[in-house]
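Close look at the chain arrangement
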Amino acid sequence: MEKISDKMEKVVSLCKRRGFVFQGSEIYGGLAGVFDFGPMGVELLNNLKRAWWKANVYDKENYYGLDSGMFKHPKVWEASGHTSGFSDPLAECRECNTRIRVDKELDALGVSADEKMSETEINRLFDEYREKISCPKCGQKNFTSAHAFNLLVKSNLGDFTSEGNDPVYLPGEACQGIYLNYKNILNSMSPKLPFGTAQIGKAFRNEISPRNFLFRTREIEQADTQYFVKPNENKEAYEKIKQDRFNWYLSLGIKEENLRFKQHENLVFYASDAWDIEYNYPWGFDELEGVHDRTDYDLTQHMKFSGTDLSYTDGETGEKYIPWILETSVGLGRMFLAVMCDAYHEEEMDGSKRTVLKLHPDLAPYRVAVSPLLRNKPQLVEKAREVFVSLKKEFGNVAWDDNGNVGKRYRRQDEIGTPHCVVIDFDTLGEEKPELKDTVTVRDRDTGEQERVPVEKLVELFEVRCR
Ligand code: GAP
């Protein structure tokens, strides 16, 4: 059986080799926890965002899109609880200065460290188990006690002269922009409760140990929905939202056996119930998306700190209340990684080994690749260019591939997940078989099967097969 790390290494290697993901600032030796999406990666990422937006805005009747500014008033992070409560307990190795996350180390020993624990409480647990915890770098067991290390990333926006001014932070979570605009959405769109708001936005966290490629990064893009409901009318909606989100991953072609729900044992400071949708990454099941029942915590806090009335008045009954919020939040990097891991296959085809990304056709970077059978036959190249240009005009994400022989092109397109390859051959020119004039070979990525299709039917075919 394949070793766990092998699959991860292969996915990471393919991501780099085929232009999906690069280490951030690579030519300077890299910046830990930051990644850049290359030409193939940005297409997949955009397709994921488009699919997510469709499911969470267009396919719903009562969800509104939003794109809020990243910088926010300093008080936002006080109100949200991030300046005081958004921290990891860290201890430092006295021998080599490596920092460890004490909660994660305790977790690995099967000891659950609650996020709400005080520094004293976590240190009591740490002291109990510190003999069993070694430094990952030097192997010693000589640690300082644990200190809360805040994850917010500070900026110096507007900090021209200031001493003592409140710092402006980069967002610790993207969703705060939704709470800040809840009143604006009420006033401008006049929705009735329940209604939702959807946003894709960046978040930044001073993660002490970014790890597992796109899984734990310092710069994160989060796709969030916040559903505003009447107090105590949360349970049914919460169950439905959880199931909807799970089913959405299935609709992207992720295998059901690689997904599961897990309820949080230790709740973050704002949640009254929280479930993760977990994906079976190469190292095992781990968090993909969080579905949180945040009650009225966020709006109550912002009402208190801003002094703005954030209550909702029911137009029919006149009832006034602070809505409760049901949140879904997923990091696009994790979504990307899960999709890549699920799509990655190595198999035999036509007597040779191939690596293929069996991506859902809606997600593949290229919808189709077009090739002339031979690149040194001008009539074939001319006809192939004609087909390529017309498909590109229609779809945009169409590849031209005339490198090497057709077999090699198929393998190359398999590796980046292109669902179909179109080949223009001598039959397309109709010289020997007039009945085949203006038809092309369309090869299917997953089965390798080929069919003969009239050029004029290609747009229709690819419209049906990839949305
Ligand atoms: N607004 C709620 C919130 O931010 P979270 O559980 O901290 O909750 C939500 O994050 C999602 O964001 C996670 O389920 C995960 O997909 C993603 N995420 C969080 N931290 C991340 C990190 N350091 N790197 C990559 N993705 C991360």
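Residues numbered from 1 in each chain as written. Predicted model: local features only at pLDDT ≥ 70, side-chain atom pairs only at ≥ 80, totals over all residues. Heavy atoms only, no water.

The final tally for this structure, using the stated rule, is 17 aromatic pairs. When the ring of Phe215 is compared with that of Tyr281, the centres are 5.1 Å apart and the planes differ by 75°; the resulting orientation is edge-to-face. Taken as a pair, Phe215 in the loop between strand 9 (195-204) and strand 10 (219-229) and Tyr281 in strand 12 (residues 273-281) lie far apart in primary sequence, 66 residues in all. Residue Phe215 is classed as buried on the basis of its relative accessible area, which comes to 2%. The ring of Trp275 carries Lys242 above its face, with NZ or CZ at 3.7 Å from the centroid. (Phe/Tyr/Trp six-rings, centres within 6.5 Å; stacked < 30°, edge-to-face > 60°. Helix = DSSP H or I, 4+ residues; strand = E, 2+ residues; numbered from the N terminus. Buried < 20%, exposed > 50% of the residue type's maximum accessible area, 1.4 Å probe, protein only. Lys NZ or Arg CZ within 6 Å of the ring centre and 35° of its normal.)

Attention now moves to the environment of Arg205. Relative to the helices and strands, Arg205 resides in the loop between strand 9 and strand 10. Residues Arg205 and Val153 lie 52 residues apart in sequence; the distance between their C-alpha atoms is 6.0 Å. Once you skip the residues sitting within four places of it in the chain, Arg205 turns out to touch Phe86, Leu151, Val153, Gly172, Glu173, Arg218, Ile220 and Gln222. (Contact = heavy atoms within 4.5 Å.)

Below, the discussion takes up the site of the ligand. Close to the ligand lie 21 residues, the nearest being Glu173, Glu287, Leu288, Glu327 and Gly331. A distance of 2.9 Å separates a nitrogen atom of the ligand from a polar backbone atom of Thr217. The side chain of Arg334 places a nitrogen or oxygen atom 3.4 Å from a nitrogen atom of the ligand. For the ligand, the accessible surface in isolation is 550 Å², of which the surrounding protein chains cover 93%. Of all the elements in the fold, those that place two or more residues in the shell around the ligand are strand 10, strand 13 (284-295) and strand 16 (324-331). The element contributing the most residues to the shell around the ligand is strand 13, with six residues. (Near = heavy atom within 4 Å. Polar contact = N/O pair within 3.5 Å; in protein donor to acceptor, adjacent residues only side chain to side chain. Areas by Shrake-Rupley, 256 points an atom, 1.4 Å probe, with all protein chains shown as cover.)

Here we come to the sheet that holds strand 5 (residues 99-101). Strand order across the open sheet formed by three strands is 5-4-6, with antiparallel pairing between neighbours. The sheet is open, and its two edges are formed by strand 5 and strand 6 (147-150), each paired on a single side. This sheet shows a mean twist of 50° between the axes of neighbouring strands, independent of strand direction. In this sheet, strand 6 lies alongside strand 4 (residues 87-92) in antiparallel orientation, the contact comprising four bridges. Bridge pairing in strand 6 links Asp88 to Phe149. (Pairing = 2+ DSSP bridges. Axes fitted to C-alpha atoms, helices over the stretch in contact; angles between N-to-C directions.)

For the structure on display, the rule yields 38 salt bridges. For Glu346, the salt bridge is made with Lys10, and the minimal N-O distance between the two is 3.3 Å. Placement of Glu346 in strand 17 (residues 344-349) and of Lys10 in helix 1 (residues 4-17) is noted, with a sequence separation of 336 residues between them. A residue is classified by how much of its surface remains accessible, and Lys10, at 26% relative accessible area, is partly exposed. In this structure, Glu239 and Lys242 form a salt bridge, with 3.3 Å as the shortest nitrogen-oxygen distance. Of the two residues, Glu239 and Lys242 both sit in helix 9 (residues 235-251), three residues apart, roughly one turn of that helix. (Salt bridge = Lys/Arg side-chain N within 4 Å of Asp/Glu carboxyl O.)

Each regular strand carries side chains that alternate between the two faces of the sheet. Counting buried positions along strand 13 gives ten out of twelve residues, so the element sits mostly inside the fold. The antiparallel hairpin formed by strand 12 and strand 13 contains two residues in its connecting segment. Here strand 13 pairs with strand 16 via six bridges, running antiparallel. The residue of strand 16 that forms the bridge with His292 is Glu327.

What the domain assignment reports for the protein is domain 1 (4-71 + 170-340) and domain 2 (366-465). On a C-alpha basis, the centres of domain 1 and domain 2 stand 38 Å from each other. Facing the six residues of domain 1 at the interface are five residues of domain 2. Our count for the domain 1 to domain 2 interface comes out at two salt bridges. Where Glu415 meets Arg18, a salt bridge forms, and the shortest distance between an N and an O atom there is 3.0 Å. (Domains from an automatic or database assignment.)

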